[in-house]
Amino acid sequence: MQAKKVPLRMCTGCGEMKPKKELVRVVKNKEGEISLDLTGKAPGRGAYVCNSIDCLKKARKSRRIERSFQCKIPDEVYDKMESEMIAGE
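Being a predicted model, the structure only gives us computed values, none of them experimental.

Engineer: Help me out: how do you make sense of the side chain of Arg25 in this one?
Structural biologist: Turning to its location among the elements, Arg25 is positioned in strand β3 (residues 23–28). Polar side-chain contacts of Arg25 include one of 2.7 Å to the backbone oxygen of Gly44. In contact with Arg25, other than residues within four places in its own chain, are Ser35, Leu36, Asp37, Gly40, Lys41, Ala42, Gly44, Arg45, Gly46, Ala47 and Tyr48.

Following this line, the structure appears as structure tokens:
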């Protein structure tokens, strides 16, 4: 029997390929709202970031999440994601 393939995703902050379960999903839904998806199952376009504030700050500085969603993300949304990530730890 073959070993089960582990899905890998790239962190938008550090650029490392990691197993999907180790990353937090940032999702943009049909209404254009951007939020953290801690379950990984919310509908919409997704981007992944490590479960650390440092990687979220790197992704914010390099605007990688904005590029993957092809839209400008307000600072309030980033601040909300940071506070959610701190509360989730």
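Engineer: Explain helix α3 (residues 75–88) to me, please; I cannot follow it from the model alone.
Structural biologist: Along an α-helix, a turn takes 3.6 residues, which lines up residues three or four apart on a common side. With 14 residues, α3 should reach 20 Å at 1.5 Å per residue; the first-to-last C-alpha distance of 20 Å fits that figure. All buried positions along α3 are accounted for by Tyr78, Met81, Glu82 and Met85. Seen end-on, α3 carries its buried residues on one side only, within an arc spanning 100 degrees. The exposed set on the far side of α3, more than 90 degrees from its buried face, consists of Glu76 and Ala87. In this structure, the buried side of α3 is in contact with β3, β4 (34–37), β5 (45–50), α1 (53–62) and α2 (64–69).

What counts and what doesn't
Residues numbered from 1 in each chain as written. Predicted model: local features only at pLDDT ≥ 70, side-chain atom pairs only at ≥ 80, totals over all residues. Heavy atoms only, no water. Helix = DSSP H or I, 4+ residues; strand = E, 2+ residues; numbered from the N terminus. Polar contact = N/O pair within 3.5 Å; in protein donor to acceptor, adjacent residues only side chain to side chain. Contact = heavy atoms within 4.5 Å. Expected span 1.5 Å × (residues − 1). Buried < 20%, exposed > 50% of the residue type's maximum accessible area, 1.4 Å probe, protein only. Arc of directions from axis to C-beta.

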